[in-house]
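Survey of secondary and tertiary structure
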Amino acid sequence: MIEGFFTKKEVESITRPAGKVGTCVTCGLHRTCESPQMKPFGNFKKKILNIGEAPGEAEDRTGKPWQGKVGKLLQKTYSSLGIDLFEDCVNINAVLCRPVDLKGTNRPPSNFEAECCRRSVLRTIEEYCPHKIIILGNTALYSIIGHRCMKDLGTISKWRGFTIPDLDFNAWLCPTFHPSYIERVSEQPDVQAIWKRDLKQAFALGALPKYNEPEIEIIEDLSVLKRIKGPVAIDYETTGLKPHAAGHRVVCAAVADSPDHTYAFLMPETKAERQPFLDLLANPKVGKMAHNMKFEDTWSVVRLRQPVVNWYWDSMQAAHILDNRPGITSLKFQTYVQLGVVDYASEISPYLHAVDNSDGNGLNRVLELLTVPGGTEKLLTYCALDTIYEYRLAMLQQSQILLPFYSWKHYQQ
Ligand code: URA
């Protein structure tokens, strides 16, 4: 499990809910169904775990998932892609008992009911150690990702199609539509095609990528930056969003000179001490990457009085070029969906938001963090990890966008 600068306990408390969570007693669905707490079903030959929504009438009667009309559609679609739903996979639902309305007919489960079952779902994942987890629909999405620091989870439309190498589960997470949605939109062949393509892509996934622990060098003397020859990813932590208002400054910076190594430092007070970094910004031979480069660019000009020469890659713009759905280009979201890093920011983020930001010029609490024991190291580590993930994202994006005259290999020559 990747901890970033978090302790194991902190990561566990984020990713494995403990303490006050709902239980079967608070949910109560088990009292009204025929097959309470339905067991996982399937022979799991290809290590695929499917998570649906909740059992319906046919499933509740037989005690097995995917027995009704929607289940037949899923079975048929999997079969057309060379996967046997019950031989190759194990099948569970985000909610283990059948939810019914007052008339006794099927109803969608609530998020609360999914929360009550979450421990059980996570325990099943731990027991089976799947290689691929297919998340079918919104309730399954909420069950598996909703509790892990995603403030604005959104719906399955935002997540579908990503193949997430989730480091926490050590499995590929593949969200896509629920088959009941596909059945409802049967007159829309494009949605059907997207669903099938998502599943096909998921079934074709090979080994999970290896996560290399990055090397973070916290430095005071910036002269080591003079040695840098190749492209760099840069990131600043600043006192706010906009540099023009009075009292703002660049508090610290990080410079990754490879996908596995980065320097992080507090911005020195004097120009002479900053000079190696300013020279790096001015060096036309060193390409610069950032996530939202107009931020680093403006702060460099306004507060460091040094324009950046040779902007080379903006991983935020590239994320948008590759996929223009709203709400997916932030570095945190991209780091999770592309690299599988669940969270490295939640401890720092309260300090990054301005207390009063009605005009966008407010001061955040970064300087306060420097006065907290261990705060400086945490801030520098956070800034450093931003550059590592920017660099790794940029490399992935370049391999996908494949601009021949700007490709990675060409650039290095
Ligand atoms: N819908 C689900 O989400 N799961 C089932 O098992 C059946 C229908």
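See the structure above.
Basis of the calculations
- Residues numbered from 1 in each chain as written.
- Predicted model: local features only at pLDDT ≥ 70, side-chain atom pairs only at ≥ 80, totals over all residues.
- Heavy atoms only, no water.
- Pairing = 2+ DSSP bridges.
- Helix = DSSP H or I, 4+ residues; strand = E, 2+ residues; numbered from the N terminus.
- Axes fitted to C-alpha atoms, helices over the stretch in contact; angles between N-to-C directions.
- Contact = heavy atoms within 4.5 Å.
- Phe/Tyr/Trp six-rings, centres within 6.5 Å; stacked < 30°, edge-to-face > 60°.
- Buried < 20%, exposed > 50% of the residue type's maximum accessible area, 1.4 Å probe, protein only.
- Near = heavy atom within 4 Å.
- Polar contact = N/O pair within 3.5 Å; in protein donor to acceptor, adjacent residues only side chain to side chain.
- Areas by Shrake-Rupley, 256 points an atom, 1.4 Å probe, with all protein chains shown as cover.
- Nonpolar A, V, L, I, M, F, W, Y, C, P; charged D, E, K, R; others polar.
- Patch = residues over 30% accessible without salt bridge, like charges linked within 9 Å, V, L, I, M, F, W, Y side chains within 5 Å.
- Salt bridge = Lys/Arg side-chain N within 4 Å of Asp/Glu carboxyl O.
- Lys, Arg positive; Asp, Glu negative; His and termini not counted.
- Charge placed at Lys NZ, Arg CZ, Asp CG, Glu CD.
- Parallel < 35°, antiparallel > 145°, perpendicular 65-115°, else oblique.
- Left-handed = near helix turned anticlockwise from the far one by under 90°.

**Quick word on the sheet that holds strand E10 (residues 288–290)**
Pairing is mixed across the open sheet formed by six strands, whose spatial order is E6-E9-E8-E7-E10-E11. Each edge of the sheet is formed by a strand with only one pairing partner; in this case those strands are strand E6 (215–218) and strand E11 (311–314). When strand polarity is set aside, the average angle formed by the axes of neighbouring strands in this sheet is 25 degrees. Packed onto the sheet, helix H10 (residues 271–282) meets strand E7 (232–238), strand E8 (250–258), strand E9 (261–266) and E10 and runs at close to 125 degrees relative to E7.

**As for the packing of aromatic side chains**
Under the defined criterion, the tally for this structure stands at 13 aromatic pairs. For the ring pair Phe-162 and Phe-333, a centre distance of 5.8 Å and an interplane angle of 70 degrees mean the geometry is edge-to-face. Taken together, the residues Phe-162 in the loop between helix H7 (156–159) and strand E4 (164–166) and Phe-333 in helix H13 (residues 331–339) connect sequence positions 171 residues apart. Both residues of the pair, Phe-162 and Phe-333, belong to the buried class.

**Here's the deal with the site of the ligand**
In the region of the ligand, the neighbouring residues are Gly-52, Glu-53, Ala-54, Glu-59, Pro-65, Trp-66, Asn-93 and His-178. Residue Ala-54 places a main-chain N or O atom 3.3 Å away from a nitrogen atom belonging to the ligand. Contacts to the ligand include Asn-93, whose side-chain N or O atom sits 2.7 Å from a nitrogen atom. Alone, the ligand offers 230 Å² of accessible surface; in the complex the protein occludes 92% of this. For the shell around the ligand, the residue count by class is three nonpolar, three polar and two charged.

**So, a negative patch on the surface**
Side chains of Glu-220, Asp-221, Glu-269 and Glu-273 sit close together on the surface and give a patch of like negative charge. Of note, Glu-269 is situated in the loop between E9 and H10. Classification of Glu-269 as exposed rests on a relative accessible area of 64%.

**Examining the packing of helix H4 (residues 69–80) against helix H9 (residues 189–203)**
How two helices pack is summed up by the angle between their axes together with the distance between the axes. Taken N-terminus to C-terminus, the directions of H4 and H9 make an angle of 55 degrees; their axes are 10 Å apart at the nearest point. With respect to H9, the axis of H4 lies oblique. The handedness of the crossing between H4 and H9 comes out as right-handed. On H9, the residues touching Leu-73, Leu-74, Thr-77, Tyr-78 and Ser-80 of H4 are Trp-195, Lys-196, Leu-199 and Phe-203. Within the contact of H4 with H9, the residues separate by chemical class into six nonpolar, two polar and one charged.

**Topic: the environment of Asn-106**
Inspection of the secondary structure assignment puts Asn-106 in the loop between strand E2 (89–93) and helix H5 (111–128). Given the relative accessible area of 44%, Asn-106 is considered partly exposed. Spatially, the C-alpha atoms of Asn-106 and Leu-49 are 24 Å apart, while their sequence positions differ by 57 residues. Here Glu-57 takes part through its backbone nitrogen, which lies 3.3 Å from a polar atom of the side chain of Asn-106.

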